[in-house]
Amino acid sequence: LAKTTQPISMDSYEGQEVNITCSHNNIATNDYITWYQQFPSQGPRFIIQGYKTKVTNEVASLFIPADRKSSTLSLPRVSLSDTAVYYCLVGALNTGGFKTIFGAGTRLFVKA
Amino acid sequence: SAVISQKPSRDICQRGTSLTIQCQVDSQVTMMFWYRQQPGQSLTLIATANQGSEATYESGFVIDKFPISRPNLTFSTLTVSNMSPEDSSIYLCSVEDFWGQETQYFGPGTRLLVL
């Protein structure tokens, strides 16, 4: 299983773009990169997933370089409500031996 | 996305007792997962529960302590047995995305305090 490494915490201000980078040097060929968001007293919520290059949805973008050894979650124009813990996960679901390993996550604090 | 509910949402229990946590999904899913999240910490996978087979436990977790049932494709239970204060944690269930994406959806969690 590919281990992930993220910054422990980040601070930002409302309206700024936030980029959170995750390292996953041992990513396997079949692995996808998935990001989750977790608010206090809630379960993690899926944000975005990608395999390579760039993926964008209504809440975030995910940038994955060609070697796939890292990925960057980009949150455009954050607001106070984006204060949460963000987890980067690497793995494949339907392989029979699926396991999801959550790393420590990145605590994002958005200030007014 | 799947809608997942858990019961109870929280409980306070005495040491030595057991608590069964229920997880209900609004659609049929093959794989369900149980996690533990201790205060201020990340999530740790306890076991994977597939319908019709024994649960698969991760290192450090055993069936006698955390028995799991999976009677059908929409329901699972996790029992925390012979509880001690160290079992105080949030317990979450999750399910695979059933549209084939490599992701999971999580329930709201059960907050357990053992005195």
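Coordinates for the structure precede this section.
Note that the coordinates shown come from a computational prediction; the quantities given were computed from them, not determined experimentally.

**Q** Teacher, can you tell me more about the interface of chain A and chain B here?
**A** Much of the literature gives interface size as the accessible area that the parts lose upon coming together. In this assembly, 21 residues from chain A lie in contact with 23 residues from chain B. Counting every contact that joins chain A to chain B gives six residue pairs in polar contact (both at pLDDT 80 or more). For the side of chain A that touches chain B, the secondary structure elements donating two or more residues are strand E3 (32–38) and strand E4 (45–50) of chain A. Considering every element that reaches the side of chain A that touches chain B, the biggest residue donor is E3 of chain A, with four residues.

**Q** When you look at the sheet that holds strand E7 (residues 70–75) of chain A in this model, what are you seeing that I'm missing?
**A** One key point about sheets: their strands pair by backbone hydrogen bonds, in either a parallel or an antiparallel sense. Residues and elements named next belong to chain A. With respect to topology, four strands assemble into an open sheet ordered E2-E7-E6-E5, the strand pairing being antiparallel. The strands lining the two open edges of the sheet, one partner per strand, are strand E2 (18–23) and strand E5 (53–56). Strand-to-strand twist in this sheet, taken as the mean axis angle between neighbours without regard to direction, amounts to 15°. When strand E6 (residues 61–64) meets E7, the two strands line up antiparallel, connected through three bridges.

Each value, and the rule that gives it
Every residue gets a number counted from 1 within its own chain, in the order that chain's sequence is written. To read the labels, note that chains go from A and ligands from 1, taken in the order they are written. In view of the model being predicted, local features appear only for residues whose pLDDT reaches at least 70, and side-chain atom pairs are presented and counted only at 80 or more, with totals across whole chains, interfaces and linings using the full set of residues. To obtain the side-chain values, all non-hydrogen atoms of the structure were used and water was disregarded. Throughout, a residue-residue contact means that at least one pair of heavy atoms, one from each residue, lies within 4.5 Å. A 3.5 Å cut-off defines polar contacts: any pair of N or O atoms within that distance qualifies, except that in protein one atom must be a possible hydrogen donor and the other a possible acceptor, and neighbouring residues in sequence count only when both atoms are side-chain atoms. Put simply, DSSP H or I for four residues or longer makes a helix, DSSP E for two residues or longer makes a strand, and each gets a number counted from the N terminus. Two strands are said to pair when DSSP picks up at least two bridges between them. Helix axes use the C-alpha atoms of the stretch in contact, all axes being lines fitted to C-alpha atoms, and the angles between their N-to-C directions lie in the range 0 to 180 degrees.

Spatial relationships are all this shows, so hold off on functional conclusions.
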